[in-house]
Amino acid sequence: LYTIQNKVVHQNETGREMARKYLNQTSKVEDIDGQLYLTLTFTGTNLMNNHKFYVNGSLVSHQVTASSSTSKSYRFKISSWKPLLHRNEPKGSS
């Protein structure tokens, strides 16, 4: 298990600040049976949902590994330690 400090990237400052507010700064990288997985934890889950995760430009599946009334953790496979991109869709969008 490794812990890393993540960086939020967004096309505008307001979006970046909002995402930074709800994304824990520390993320986990795990090696499970020879595959790398990244876990991101969000607070304010009542305000944000419909998470989509992209690795190297491709949408990837994810699983919820922890959930409470105040936070939710998402884990998804990564191919390497290269930069990752997460997008959040507004409530009600598909």
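Keep in mind it's a predicted model, so treat the numbers as computed, not measured.

Colleague: Can you break down unusual backbone geometry residue by residue, with the values?
Modeller: Unusually for a residue other than glycine, Asp33 sits at a positive phi of about 55°. Looking at where Asp33 falls in the secondary structure, it is placed in the loop between β2 (26-32) and β3 (35-43). Its relative accessible area of 78% is what places Asp33 among the exposed residues. If you check the backbone angles, Asn56 has positive phi at about 50° while not being a glycine. Residue placement: Asn56 occurs in the loop between β4 (51-55) and β5 (58-60). Among the residues examined, Asn56 registers a relative accessible area of 46% and is labelled partly exposed.

Colleague: Could you give an account of the confidence of the model for the protein chain, with specific residues and numbers?
Modeller: Mean pLDDT for the protein chain: 82, with 85% of residues reaching 70 or above. Predicted confidence is poor over residues 90-94, with pLDDT under 50, and the contacts of this stretch with residues over four places away or in other chains come to eight contacts.

Colleague: Describe the nonpolar core, naming the residues involved and giving the relevant values.
Modeller: With 14 residues, the main nonpolar core has Leu38, Leu40, Phe42, Phe53, Phe76 and Ile78 as its most contacted residues. When residues of this core are traced back to their parent elements, those giving at least two are β3, β4 and β7 (71-78). By residue number, the principal contributor to this core is β3, which donates four residues.

Colleague: Would you mind going over the environment of Ile78 in detail, with residue names and values included?
Modeller: Here Ile78 shows up in strand β7. Using a relative accessible area of 5% as the deciding quantity, one classes Ile78 as buried. Along the backbone, Ile78 and Gln35 are 43 residues apart, and their C-alpha atoms lie at a distance of 7.7 Å.

Colleague: Describe in detail the sheet that holds β3, supporting the description with residues and values.
Modeller: What the five strands build is an open sheet, ordered β1-β2-β3-β7-β6; its pairing is antiparallel. Each end of this open sheet is capped by a strand with a single partner; those strands are β1 (2-5) and β6 (63-67). Looking at each pair of strands side by side, their axes are set apart by 30° on average, direction ignored. In the sheet, β2 pairs with β3 via five bridges, with the strands oriented antiparallel. Among the inter-strand pairings, Ile32 is bridged to a residue of β3, identified as Gln35.

Scoring rules and cut-offs
Residues numbered from 1 in each chain as written. Predicted model: local features only at pLDDT ≥ 70, side-chain atom pairs only at ≥ 80, totals over all residues. Heavy atoms only, no water. Helix = DSSP H or I, 4+ residues; strand = E, 2+ residues; numbered from the N terminus. Buried < 20%, exposed > 50% of the residue type's maximum accessible area, 1.4 Å probe, protein only. pLDDT = per-residue confidence, 0-100. Contact = heavy atoms within 4.5 Å. Core = buried A, V, L, I, M, F, W, Y, C linked by side-chain atoms within 4.5 Å. Pairing = 2+ DSSP bridges. Axes fitted to C-alpha atoms, helices over the stretch in contact; angles between N-to-C directions.

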